[in-house]
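Secondary and tertiary structure notes
This is what each chain is made of:
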Amino acid sequence: KGGEVKNVKVIAFYEPLEYLLPQKWLDLLRGKGLNDKLRIKVDLPHITGATMSATAIVEAVRKNLAIYEVVFGKDNL
């Protein structure tokens, strides 16, 4: 099945490590699709000190899901 998150990995992080989201939090995005709600503090837990990191990750995931939909079409979702 396409159009859903299989895995999220941070491959470069140039901030202090305490702002890096744990893999356990990133794993919460697994299986999510473009139509799923991914709101921090509502659908995903808030992590003190990593708000900007969490926001950037969610935006990147949504952007990649949208690109997938454009490239492969809604019929492949």
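First, a word on what this report is: a plain description of the structure on this page. (Residues numbered from 1 in each chain as written. Predicted model: local features only at pLDDT ≥ 70, side-chain atom pairs only at ≥ 80, totals over all residues. Heavy atoms only, no water.)

Turning next to the overall build of the chain. The secondary structure content of the chain amounts to two helices and zero strands. Taking the principal axes of its C-alpha atoms as reference, the chain extends roughly 40 × 25 × 15 Å. Taken across its 77 residues, the chain has 25% of its residues classed as buried. For the chain, the accessible surface area stands at approximately 5700 Å², while carbon and sulfur atoms represent 55% of it. For the chain, the centre of its 12 positive side-chain charges and the centre of its 9 negative side-chain charges are spaced 4 Å apart. (Helix = DSSP H or I, 4+ residues; strand = E, 2+ residues; numbered from the N terminus. Buried < 20%, exposed > 50% of the residue type's maximum accessible area, 1.4 Å probe, protein only. Areas by Shrake-Rupley, 256 points an atom, 1.4 Å probe, with all protein chains shown as cover. Lys, Arg positive; Asp, Glu negative; His and termini not counted. Charge placed at Lys NZ, Arg CZ, Asp CG, Glu CD.)

Turning to unusual backbone geometry, a few remarks are in order. Negative phi is the rule for most residues except glycine; trans is the rule for most peptide bonds. A positive phi angle, near 80°, is found at lysine 41, a position not held by glycine. With respect to the helices, strands and loops of the structure, lysine 41 is situated in the loop between helix H1 (23–26) and helix H2 (51–72).

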